[in-house]
Structures are given as structure tokens and as C-alpha cells.
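Okay, here's what each chain looks like letter by letter:
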Amino acid sequence: MVIAMKKFFLLVVLCALGTTAQARNVDLATVPERATVQLTIYNAEDLTLVRETRRISFKKGTNPLQFSWANTLIDPTSVELRFLDHRSELEVLETTYPHDKSHMLYWQVQSEMDGEARIEINYFTAGISWTADYVALADAGEEHLHLSSFVRIANHSGEAYENAQVRLVVGVINLVEKVAHLAQGRTPIMPQETARYKMRAAKQAMMLEEMAAPAPMVAMDMMAGSAEMEAPKEIAKESLSEYFIYTIDGTETIPHGWAKRLRSFEADNVPVRVQYRYRPQEYGAQPVRLYLLRNDSESGLGLTPLPDGMIRIFRDNGRDGLRYVGEQTLKYVPIGDKIEINLGQDPEVIFELIPRQVWRDEIWLRVSGPELYRKVDGGVKIDVKSSVAGWDEHTLYSQRIRNYSAKAIEIEVRRSYDGDVQWRSSHPAVLHDYRTVEFTATVEAGASVDVYHEVTRREGYNQKKNNVELLSGKVN
Amino acid sequence: MRYSVLYLLLATMLWHIPLEALARIKLITLPPRERVEIQLDHARATLVEEERIVPLVQGVNQVDFAWANTQIDPDTLVFRVLGPADEAAGANDIKVLSVSYPPNENALIWNVAAARSGAARVRISYVIGGLDKSFTYRALADKDEKSLQLSQYLRIDNFANEEYGDSGIWAGFGERLQKQIGIGETKQVLLHKYTQVPVTKTYSTNAQTYLDRPKNKLRVPMHYVLRNDQAHGLGLAALPYGKVRIFVDDGKGSSAFIGEDWGQFTPLDDELKLYLGVAQDIVVVRTIDKSEQKHVNGNLYHHEVTLKYEIENFKNEAVILDIHENIRALRDELRGNNGRAVEWELLPTTTLGAADADKSTYDSLVFHADLPARKADSSADKVVHYLRLLLKNEW
């Protein structure tokens, strides 16, 4: 089974083959085993950089090497051969993609020595992915979270990479063509621009490889712990340019078709604040409940950005069990940034906007000029035509919030208005932006709060600007 | 055939054996469930928590969890080690190393390291589909329809293709239940019985729903109105949405079914209105008696409106009729919809009195009209009311 999953073959062909000779039906070849393999998996693209090393014996003269990858998702344009030793004595003379074999290439290597050398083969493959996910357990009082972060690696590449060092890249890189798409093709014929951008993307990936050296502390920890009970693997995290590299302790074997989930980190007693928000443009027509926390050291976090991933929230139900609270996709959270988890609507908080009164004043008429009327049997009348051109419309609202939960709640309300608007309330409010009023109310458990506010819309001729002006003072 | 399709297998393996081999060669134990809790409090998801005693050996253990033919969301699975099964045996250091997901199987494998051999108590939580809840109610009104008995039932449909033996069930409120739910079973459980719940039978009318438009006759819907607070015999929790079947005591030791309605989600302190049908014995004719615009200036007008309600009650008892009038809809009917809010004032010659402040909003008013019972000769007095309004600043 394990052997069957190996789709990559590197053959040292034991005869000097010219281009025409490659069509021969009878070859004799040796198959050098992989010595090491390293996977660098990107979460923003379906892209994995594979770097494998092998030992090969060369003879003086021309040495043909055949590399094939049937039934895999390798990008043939990305395959590179490098010599790790005897560099001055070894050189790739040419690379040939045979016309009749779609997943194969030949290297003609010129050797100035007889002996063994270590080679490295790099290539991109699709089909290996990693994602982050999180599990948050809130205490019964919802004051702290136990936050666990996981990485899940799935291998659908068609190849089993045994004992691979695995590195995960957090961040977005630029690709102009999908690796999975390139894997379908043959010898690449790229437009000049495409080739240039592709090379840049490849260089970005290679740069990450070069700069991301394995963390020595992790290796030492692993050595020290080897005599003790097996512990969850450490995942070392390092920043690099615009990226973060997660290096998984030791090596992993993830056969084709399998997925594996490892704990990235966990943090206990992460302070969390519960807030309700009414922001119709962001959250819809009803207020939602949120957990607010920060990815910083004060919260026991902040060692790494939090990659995109699903977060699932459970809460201690106070009866020796959990309560499922909800889930949401967490977008990338930089170190130090806030984390906002939307838990959805809360049926225990009732939110009603009640119109109380409407009145109009400051009504202006536009005079369109006198019109003269004459009666048939005599008499003249002058009528001055005019129509309403501007007015102020006042609406008094009560924003009623009822809290039937067991704790006092804080609710932040944002309302946006178009046009020339004056907003007045005895409740403190601020402008979130030029057209959005924001206020916060605290509602005790089992209590109800009415925030009365008057909205004056200056319409027609009376409209002089296009923003909201906050006024102070009592409302009617 | 009843069978459990969830398996928790324990395989003690050497850590370095490849996963493909692991899936084929197993020495397994089948730890039974010690405790199951089903949490139905979430609006869209059902959480199951099960506790098992898992024997672990020193070193790395493979705990295989499979869920063929069920709708477990594998991404919601949480595995927690609560501690050693036998507290007297002392603490054991147990850690989850990783989780592996084999291809084309509804299964996963927890790799668990134990410092020493011994059984551990673990809890596995997951969200499962097909195990759903709903609520139904049975209302039995007294003969005089002044109070009723409201029975609230929790209904659990188990189409999750998994049998749950003696399980704790939590609906989010009320008592925790302990029940068994077999595969394909539906179980209805009485959650709470509220007795002596005061009920108001209301008759209402609304200009938006005519019974006979050419004759200006309005429909008169009837409702039972319950208030979800403790002063009115309820108020323990919000009442979830559900069908309410309504019966009335016939005074002869039996009851009559008088209809059913969907009870809307009713928060605390709110009213639950149950529609009973249209009253046939109350006749309401609504006429626009006056519609006169008054010139203010230019194209600006006030508009005086008089609505006349002629009401006859042919019932044997006096009732109160709730008259709903939407002022904006009235303005739109008379002047067309100009998109502006309606500004209005109630004129003092209105005979309906003041609008009910609790039930009215700015442009939707509720008035109450007392209607006497029909007379001995079966005739009914015609009660006439006028609602006089001034719509202001219209153009």
C-alpha cells in the first residue's frame, strides 16, 4: 500500500541516451530513494513547495536522469534540480520533456567526477492543503475563554510523503496561474509576462524556504522529551517578511487521502467581554451578541497572527456539560488586533424601535409667480401660485431594549441616516461617521431601557448639507 | 433493527506504524457510553455530549471514533479527558497528540498519550443533524373562557440514525429530562403545565381586512390573548414557536376542540395571541363620513377626516371590541401615498376616547368600544362611534 502510493520516480538510466535514444523500449535504471523531504504548504493558495533530497552516483561524462510523476498534481514548470555537493563538477546540460510522456522529464547531467553526490529536487504540487481552526470554551460566566488552535493538513496530491518535515505558511502570495491547472499540462510554453510573474512567485516561495530555518529550540525540546511521555507536537512560529511560518516538530507522514489535525497552541483564561451590537449594515436587522477579545500578550495570546479558520464556541452550561454557542469564520487576525466573534441573535434581548410622534415645521413655499384670472362676466383675480419647497420633519423615537438574560448587558447601537439630519437625545451619543450615530446603553438583568431620540430631517429647500449633526438637550 | 452506528474503538498501537496499516490491524475495545447529554437549547444545532471510560495503556493509544450513516459534523467534535476513571488510582497525565482523518470514512482517530496504564473518563461532544426539537401546546379553556390550562410539550424527532439510551435532555429552559430515544423515534414530553392562566378573549377589527367591501363591513377576528409574565400565570421563560391546539371545557366533563394556531415566539412580558376565527355575531360597518381638505397655503393642506363605526353585537354577552386604525394607511387611502410620514392630531369630537397607549404606536392606534349584549327580543342596539382626525401639513 505504501509503495503503491509512490508516484514519483527518479531513475538513473544506465546507458548514455541521446534524445532519440529515449524512445527505446528497453531501459535499465536504478531508483534512488528519497533521503529527506520537506513540505512547505500555503494556506492562501493550493500550493505546496516540495523539497526532496537523494543520493546519486555519477560517472564521469554525461549522466541521464529521468524524473516522472504520473497521477500526481505536480506543476512540471516548477521542477528544479540542484546539486548540494560537488557543485563545480556537476552541471545540468539540458532538460527534455518527451512528447509522448506527459508526466516525465529527462535531465542530462555532465559530471567531471566519478562518485556520489547529494541532489535536491524542488517542485510545486497542488492537492496538499492546510487550514486552521479554533475551539473556544467559555466559562459559565462568560468572562474567560479556553482557546485552542489547530492546524489540519489534508493530502490529496496523489503522493504519500513519508516522514516529511512540514512547514505551513500563513500569508498571501501572488500566483498568476493555478498549480493544479499547470499540473494538467505538458511542457510549459508561457507568455513572457506569465513567465516573469511566475518566476517572481516562485522566488517568493523559495525565499521563504531559504529564510525559514527550523527552530533549534524545538529540536532540543524534542530531544529532551524523547525519554519522557509522548507530548503533543510543538509548532514553532516565526515571522518572516509579510508571512508567518509554522514548523511542525519532527516529521509527519500523511498518506494520500488522509488528513491530520494537530494542536497549534492553546491559551487558558483568555479575557473575553460580551457586547451586543446593532449595526444593520454589518450584522442584519437585529442586534447580535459578540465575544470581544484581543490577540495580545495580556490576553495570553499574541505570539502569532491567527490565520483564517473556523472558530467554534462552546460554553460551560453550569451543569457539568457544554452548550453549543455557535461558529463563525475567523478572518486573519494580526498580533495585537481585536477578535470579534459574532454569536448571532439572542432571543433573551428584545430590541424595538417605536415611533412616538411625527411633526413638520419650517415649511417653505416656492412662489412661482402671480397668475391673472378674469371672470367671463367681469372681474379680475390675481393668484400667486406656490408649492412646498422645503420642510423639517421631526420624528420622536423610543429605542426600547429589554433584557431577559441573567446578567446586565451592554449594547452598542449604530444608526445611519441619509441627508441633512439633526439628532437629539438626552442619552450620550457620538458620531461614528458623518452619517452614523452611535450610542451605548446598559440594561440590567430583567430590566428595560428606552432611549428617546428625536430625528429631524431637513428636506427639500431646507436641506443644506448631507450629514448628521448631533444636538444636545432633552427630547420632547 | 436497533443498532448503534457510533463506535468508539480503542486500538493500542505502536506510534510509528503507518496510518494505512493502523486502519487494517486493530486490537480494539468498545468502551460503552457512561452518560449522554443532549443539548437542544440552540436554535439550529443539537449538541450531544457522551462520556465514556476508555482503558489506556502507557504510551500512545489510538482512539478510533466512527459515525457511519449519521450526520455528525466532524468539525465540531471535541474530545476532552476528564481524568482517571478511578479517582483512587491517582492522577494520570493524558494528552491528545493529534487527530487523523482516514479517507472515505466517517471516522477519526485520536492519538492519545498516557503517562501510565489505566482507564480514563473522556467526554466527546459533537453537533449532530437529524436530532431535532419542536414545541407544541395544548390549551384547555374554562367554559367561561376567562382562564385556561396551557400544557407545553417538547417534541424530539430522532432521524439521526443513532440510538440514545438513558440520556439527559435539556431544552434550554425548564426541567432537565432523562429519556431514551430510539432510532426513528419521535418522543413528545410534557415540559410544563401552566394552570389558571388568565386569558382575554378579544374581538378586534381592522380597516385593512374587510368582510364585505362594498358594504363596508369589517371582519372581526377573535383571539385568545395570554400575557407571558408571572402575574398572568406564565413568565418562566420565553414561549418558543409552536402549534397550539385549543380546546374549551364544555361544562359536562368533556371538552370541544375549537381550533388551532401557530403560537409565535413570545418573549417574557409580551402577549401571545391565538387566532380563533372570525366572529359571526358582531357586525361592524366602517364608513368615511367626512373627507375634507383645508387649504393652508400654496399647495399645503390640512385634511379633516371622520370615520363612522356602526357596530351591532348579537351575542348574549357584552363584549369589548378593539378597533385598530392605521393612520398612515388612511392617509394613503384618501390622498395617495406621498412617501412622507403622517402628521395628525385627534379631534376632541371623537367619541372613542383616547387610544390605548400600551397597544398603540404613533401611526397605528387601538381604541376600545364597549358593546352591550343583545336584547331579550334578540335585537341588538347599534353602537355608533366617530373617530375624527386632522391630517396635517399634507401636499
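If you're wondering where the values come from, they're calculated on a predicted model, not measured in any experiment. (Residues numbered from 1 in each chain as written. Chains lettered and ligands numbered in written order. Predicted model: local features only at pLDDT ≥ 70, side-chain atom pairs only at ≥ 80, totals over all residues. Heavy atoms only, no water.)

S.K.: What is the right way to look at the overall build of chain A in this model?
M.R.: Helices and strands together make up the secondary structure of chain A, namely 4 helices and 29 strands. For chain A, with 476 residues in total, the buried portion stands at 49%. Contacts in chain A between residues at least 24 apart in sequence constitute 72% of all its contacts with a sequence separation of at least 6. Element-wise, carbon and sulfur atoms account for 51% of the exposed surface of chain A, whose accessible area totals about 22700 Å². (Helix = DSSP H or I, 4+ residues; strand = E, 2+ residues; numbered from the N terminus. Buried < 20%, exposed > 50% of the residue type's maximum accessible area, 1.4 Å probe, protein only. Contact = heavy atoms within 4.5 Å. Areas by Shrake-Rupley, 256 points an atom, 1.4 Å probe, with all protein chains shown as cover.)

S.K.: Would you explain unusual backbone geometry in this entry?
M.R.: What is expected of a backbone is that most residues other than glycine have negative phi and most peptide bonds are trans. Residue and element names in this part refer to chain B. Here Asn-216, not a glycine, exhibits a phi torsion of approximately 60°, which is positive. Mapped onto the secondary structure, Asn-216 falls in the loop between strand E17 (210-212) and strand E18 (217-218). With phi around 55°, Asn-393 is a residue other than glycine that occupies positive phi space. Position of Asn-393 relative to the elements: it lies in strand E28 (residues 382-394).

S.K.: When you look at the interface of chain A and chain B in this model, what are you seeing that I'm missing?
M.R.: The partner chain B presents 55 residues to the 48 residues of chain A that form the contact. Taking both partners together, chain A and chain B bury about 4600 Å²; carbon and sulfur atoms supply 61% of that area. In this structure, the connection of chain A to chain B is made through 8 salt bridges. In this structure, the connection of chain A to chain B is made through 22 residue pairs in polar contact (both at pLDDT 80 or more). Going through the elements one at a time, strand E10 (128-138), strand E16 (259-271), strand E19 (309-316), strand E20 (322-330), strand E22 (349-374) and strand E23 (380-403) of chain A are the ones with two or more residues in the side of chain A that touches chain B. The element that contributes the greatest number of residues to the side of chain A that touches chain B is E22 of chain A, accounting for 10 residues. By residue class, the composition of the side of chain A that touches chain B is 26 nonpolar, 9 polar and 13 charged. Across 4 bridges, E16 of chain A lies against strand E8 (residues 94-101) of chain B in antiparallel orientation. (Buried area = accessible area lost by both parts, 1.4 Å probe. Salt bridge = Lys/Arg side-chain N within 4 Å of Asp/Glu carboxyl O. Polar contact = N/O pair within 3.5 Å; in protein donor to acceptor, adjacent residues only side chain to side chain. Nonpolar A, V, L, I, M, F, W, Y, C, P; charged D, E, K, R; others polar. Pairing = 2+ DSSP bridges.)

S.K.: Hey, could you run me through the pattern of salt bridges in this one?
M.R.: Where charged atoms from two side chains of opposite charge approach closely, those side chains can pair. Inspection of every chain in the model, using the stated rule, returns 67 salt bridges over all chains. Taking the shortest distance from any N to any O, the salt bridge between Arg-360 of chain A and Glu-343 of chain B comes out at 3.8 Å. Of this pair, Arg-360 of chain A sits in strand E22 while Glu-343 of chain B sits in strand E26 (residues 343-346), placing the two residues on different chains. On the basis of relative accessibility, which here comes to 6%, the residue Glu-343 of chain B falls in the buried class. Ionic pairing is found between Glu-51 of chain B and Arg-35 of chain B, a salt bridge with its closest N-O pair at 3.4 Å. Residue Glu-51 of chain B is found in strand E4 (residues 46-56), and its partner Arg-35 of chain B is found in strand E3 (residues 33-39); the two are separated by 16 residues along the sequence. Residue class for Glu-51 of chain B comes out buried when judged on its relative accessible area of 6%. Residues joined in a network through salt bridges with shared partners are Asp-320 of chain A together with Arg-35, Glu-37, Glu-51, Arg-121, Arg-123 and Arg-176 of chain B.

S.K.: Looking at this structure, how should I read the sheet that holds strand E23 (residues 282-297) of chain B?
M.R.: Paired through their backbone hydrogen bonds, the strands of a sheet run either parallel or antiparallel. Residues and elements named next belong to chain B. Sheet architecture is open: 6 strands sit in the order E17-E18-E23-E24-E28-E26, paired in antiparallel fashion. Each edge of the open sheet carries a strand with a single partner, namely E17 and E26. Examined bridge by bridge, E23 and strand E24 (residues 300-313) share 14 bridges and lie antiparallel to one another. What sits directly across from Arg-286, in E24, is Tyr-309.

S.K.: Before we go on, may I ask you to explain the packing of aromatic side chains in this structure?
M.R.: Here a ring pair, both rings aromatic, is described through the centre-centre distance and the interplanar angle of the planes. Using the criterion set out here, one finds 18 aromatic pairs over all chains in the structure. Seen from their ring centres, Trp-130 of chain A and Tyr-246 of chain A are 5.9 Å apart, and the 45° between their planes marks the pair as tilted. Note that Trp-130 of chain A is positioned in strand E10 and Tyr-246 of chain A in strand E14 (residues 243-248), a separation of 116 residues in sequence. By relative accessible area, Trp-130 of chain A is classed as buried at 2%. Here Tyr-246 of chain A falls in the buried class, since its relative accessible area comes to 2%. For the pair Tyr-241 of chain B and Trp-262 of chain B, a centre-to-centre distance of 5.6 Å together with 5° between the ring planes defines the contact as stacked. Taken together, the residues Tyr-241 of chain B in the loop between strand E19 (221-227) and strand E20 (242-249) and Trp-262 of chain B in strand E21 (residues 255-263) connect sequence positions 21 residues apart. The structure contains a cluster of three or more aromatic residues connected by ring pairs, namely Phe-65, Trp-67, Phe-79, Trp-110 and Tyr-126 of chain B. (Phe/Tyr/Trp six-rings, centres within 6.5 Å; stacked < 30°, edge-to-face > 60°.)

S.K.: Explanation requested: the side chain of Asp-392 of chain A in the structure shown.
M.R.: Residues and elements named next belong to chain A. Mapped onto the elements of the fold, Asp-392 is located in strand E23. Side chain to side chain, Asp-392 and Asn-462 meet in a polar contact 3.0 Å long. In contact with Asp-392, other than residues within four places in its own chain, are Trp-359, Arg-360, Asp-361, Glu-362, Thr-456, Arg-457, Arg-458 and Asn-462.

S.K.: Can you walk me through the confidence of the model for chain A in this structure?
M.R.: In low-pLDDT regions, the fine details of the predicted coordinates are not to be read closely. All names here are of chain A. With 84% of its residues at a pLDDT of 70 or more, chain A shows a mean pLDDT of 84. Low pLDDT, under 50, characterises residues 15-23; the stretch is placed with 10 contacts to residues that sit more than four places away or in other chains. Counted against residues more than four places away or in other chains, residues 207-227, with its pLDDT under 50, gives 27 contacts. (pLDDT = per-residue confidence, 0-100.)

S.K.: Sorry, what's going on with the side chain of Ser-148 of chain A here?
M.R.: Residues and elements named next belong to chain A. Summarising the element assignment, Ser-148 is placed in strand E11 (residues 144-155). Residue class for Ser-148 comes out buried when judged on its relative accessible area of 8%. In contact with Ser-148, not counting residues within four places along its chain, are Asp-133, Tyr-134, Val-135, Phe-265 and Glu-266.

S.K.: I tried to follow the nonpolar core on my own but got confused; where do I start?
M.R.: Nonpolar side chains in soluble globular proteins tend to be buried together. Grouped together as the largest cluster of nonpolar side chains are 89 residues, with contacts concentrated most on Trp-110, Tyr-224, Leu-226 and Ile-311 of chain B. Discounting chain neighbours no more than four positions away, the residues touching Leu-226 of chain B are Leu-148, Leu-150, Val-197, Pro-198, Val-199, Leu-234, Asp-270, Glu-271, Leu-272 and Leu-274 of chain B. (Core = buried A, V, L, I, M, F, W, Y, C linked by side-chain atoms within 4.5 Å.)

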